[in-house]
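Each chain is listed here by its residues.
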Amino acid sequence: MQVSSCKCGKKVPFKREICPYCGKTMTFVEIGNNAEILTYTTLFTVPEGFDAPINLVLVELENGANLLCVCKNEKDLGIGKKGKVTYKDNKYYFLGNK
Amino acid sequence: MSKVYISDVGMTKFGKRKESLQTLMYEAYTNMMISDKSDFDAIFIGSMNPDEFVGDSNFATLIVDHFGLYQTPSVRIDNAPASGSAAFEQAYFSIASGQYKKVLVLAGEKMSGLPTSIATKILSKLIDPYERSTGATMPALAALVTRRYMHNYGLSRDNLALAAVKNHRNGTLNPYAQFQKEITVDDVLKSKMIADPLHLYDCASIADGACAAILTSKETDIRVSGIGHATDYLSLQYRVSLTSFNATKLAAKRAYERAHKTPKDIDVVEVHDAFTILEFVNPEDLGFFKPGEGIIALVKGKTGLNGDLPINPSGGLKARGHPVGATGLAQICEIVWQLRGEAGKRQVSADIGLCHNIGGFVNNNIVTILESC
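About the cut-offs
- Residues numbered from 1 in each chain as written.
- Chains lettered and ligands numbered in written order.
- Predicted model: local features only at pLDDT ≥ 70, side-chain atom pairs only at ≥ 80, totals over all residues.
- Heavy atoms only, no water.
- Helix = DSSP H or I, 4+ residues; strand = E, 2+ residues; numbered from the N terminus.
- Buried < 20%, exposed > 50% of the residue type's maximum accessible area, 1.4 Å probe, protein only.
- Contact = heavy atoms within 4.5 Å.
- Areas by Shrake-Rupley, 256 points an atom, 1.4 Å probe, with all protein chains shown as cover.
- Lys, Arg positive; Asp, Glu negative; His and termini not counted.
- Charge placed at Lys NZ, Arg CZ, Asp CG, Glu CD.
- Phe/Tyr/Trp six-rings, centres within 6.5 Å; stacked < 30°, edge-to-face > 60°.
- Lys NZ or Arg CZ within 6 Å of the ring centre and 35° of its normal.
- Buried area = accessible area lost by both parts, 1.4 Å probe.
- Salt bridge = Lys/Arg side-chain N within 4 Å of Asp/Glu carboxyl O.
- Polar contact = N/O pair within 3.5 Å; in protein donor to acceptor, adjacent residues only side chain to side chain.
- Pairing = 2+ DSSP bridges.
- Axes fitted to C-alpha atoms, helices over the stretch in contact; angles between N-to-C directions.

A.B. asks: So what about the overall build of chain A? Which residues, and what values?
C.D. replies: Within chain A, the regular secondary structure consists of 0 helices and 8 strands. Listing each helix as α and each strand as β along chain A from the N terminus yields β-β-β-β-β-β-β-β. Once the C-alpha set of chain A is aligned to its principal axes, its extents read approximately 40 × 35 × 20 Å. Relative to its 98 residues, chain A shows a buried fraction of 47%. Within chain A, contacts between residues at least 6 apart in sequence are counted, and of these 39% link residues at least 24 apart. Carbon and sulfur atoms make up 47% of the accessible area of chain A, which totals about 5,400 Å². Charge separation in chain A, taken as the distance between the mean sites of 14 positive and 10 negative side-chain charges, equals 6 Å.

And the structure:
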């Protein structure tokens with residue numbers, strides 16, 4: 001998967017021109033899609049236009065950037081659980097390792 | 001810089017209200033006790049989103065018209081749920097600069113007129129566009145923080161609920177509070193699950209309400225000692241910590257420096273407990289407790305009305321209610337009443353008080369320190 005990277009050492013998801021940490025120009029780089037869950041929730045009260053429940057996980061990608069993902073399988077939820085991130089329909093999804 | 005004083009404050013009862021937003025603001029204005037409400041150099045109005053919540057734009061002029069304050073300069077300030085304290089901050093600087101001598105601050109929001117799903121969607125616009133595209137809401141982000149805080153510091157689900165229990169108890173003593181009823185830990189845990197592990201009673205309500213204050217260069221018994229303001233990354237993905245927030249830490253540092261105060265000088269505090277976890281994170285970030293130790297202070301009664309450092313004597317956002325744009329000024333109203341000895345049954349002993357108001361998901365925060373003089 002692709003993230004933006006800055007000379008200051010920070011990486012953030014998606015294409016960004018300006019580093020949110022230091023204001024310098026970022027470059028787009030390819031990194032692996034391995035990720036570990038930092039925290040998670042199951043959301044039952046959702047905004048108009050969404051179907052409940054939604055599992056959300058904030059993961060740390062293997063090269064440093066944090067990313068909010070949807071997680072389809074409740075069994076994959078847990079702080080420290082590892083898995084892979086995929087991109088589909090403008091959203092990132094987390095799938096736990098077997 | 002000129003010194004800045006508060007001559008009076010007023011507010012409406014918070015809750016589901018039938019009246020229009022301008023009528024609520026006028027009620028808060030007339031609830032101020034002082035008689036001299038003339039000769040305002042300007043009006044600063046804090047309201048987050050009247051455009052979507054009530055369908056009115058150009059709200060600053062609407063207020064001038066409604067109040068009969070023809071020709072007075074008037075501006076509306078949107079700073080997300082920190083709109084009330086942002087309006088107060090700009091009013092403060094207008095007097096500190098020497099340009100204005102007396103200004104009116106109003107703050108309010110009317111949110112209950114819309115179905116919850118639509119209000120939730122409006123509030124979700126405070127979130128980073130990608131994050132909200134996943135379905136994330138403010139409670140969802142708070143739940144992510146809560147889960148990590150519980151993991152890092154061993155905070156139990158029962159102890160998390162104690163924040164709501166304490167603030168509801170304080171709310172029973174506040175006639176302006178939306179909820180004036182005690183709740184138990186069991187009530188919190190049995191309430192509807194919103195975003196696991198947060199239940200309905202962990203979250204501040206959708207409410208209507210308004211507040212007013214008059215700032216002046218003329219000496220009164222309450223001085224605005226200092227205001228600090230800071231921002232953090234919009235996206236939760238960019239935050240350097242999930243259990244501590246730099247926008248609070250830096251706003252507090254700036255407020256303490258400008259007021260020549262330290263956390264030890266503060267006698268009473270109003271913090272932005274939009275979610276129970278923030279009753280612990282905020283006081284830690286404000287320098288009152290070490291990380292993870294907010295719960296110890298609460299369990300020992302330190303933050304109760306009779307404790308060394310009462311937190312949210314008003315009932316906080318949890319019990320007072322959270323009409324987003326009004327909240328920052330409601331905190332200031334409470335601290336003024338506490339410093340003046342006008343807080344009734346919830347009165348604490350205090351000469352110096354601090355208000356902490358959050359904009360967005362803890363990313364545009366304002367800390368205001370007031371003192372008796």
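A.B. asks: A description of the packing of aromatic side chains should follow, citing residues and the corresponding values.
C.D. replies: How two aromatic rings sit relative to each other is given by the distance of their centres and the angle of their planes. Applying the stated rule across the entire model yields 15 aromatic pairs over all chains. Centre to centre, the rings of Tyr92(A) and Tyr130(B) are 6.3 Å apart; their planes meet at 75 degrees, and the pair counts as edge-to-face. Pair noted here: Tyr92(A) is in strand β8 (residues 91-96) and Tyr130(B) is in helix α6 (residues 129-133), and the two residues belong to different chains. Pair check on accessibility: Tyr92(A) and Tyr130(B) agree, each one buried. Over the face of the ring belonging to Phe28(A) we find Lys15(A), whose NZ or CZ atom lies 5.4 Å from the ring centre. One residue, Arg147(B), lies across the ring of Tyr40(A), its end atom 3.9 Å from the ring centre.

A.B. asks: Give me the lowdown on the interface of chain B and chain A, citing residues and values where you can.
C.D. replies: In this complex, chain B contributes 31 residues to the contact, which on the side of chain A involves 30 residues. Summed over both partners, the interface of chain B with chain A comes to about 2,700 Å²; 63% of that surface belongs to carbon and sulfur atoms. Viewed at the interface, chain A and chain B are joined by 1 salt bridge. Taking the shortest distance from any N to any O, the salt bridge between Lys121(B) and Glu48(A) comes out at 3.8 Å. Our count for the contact surface shared by chain B and chain A stands at 12 residue pairs in polar contact (both at pLDDT 80 or more). Taken together, the elements giving at least two residues each to the side of chain B that touches chain A come down to α5 (116-124), α6, α7 (138-153) and β5 (193-195) of chain B.

A.B. asks: An account of the sheet that holds strand β4 (residues 102-110) of chain B is requested, with residue identities and associated values reported.
C.D. replies: Residue and element names in this part refer to chain B. The strand order across the open sheet formed by 9 strands is β3-β2-β4-β7-β1-β8-β11-β10-β9, and the pairing between neighbours is mixed. The open sheet has two edge strands, β3 (74-77) and β9 (268-270), and neither has a second partner. Neighbour to neighbour, the strand axes of the sheet diverge by 25 degrees on average, direction disregarded. As defined by bridge partners, strand β2 (residues 42-46) adjoins β4 across 5 bridges and the pair is classed as parallel. The residue bridging isoleucine 43 from the neighbouring strand is leucine 104, located in β4. Sheet strands touched by helix α10 (residues 246-259): β8 (222-231), β10 (352-357) and β11 (364-372). Its angle to β8, the strand with the most contacts, is close to 145 degrees. Strand contacts of helix α14 (residues 327-340): β1 (5-11), β4, β7 (208-216), β8, β9, β10 and β11, with the helix running at about 115 degrees to β1, the strand carrying the most contacts.

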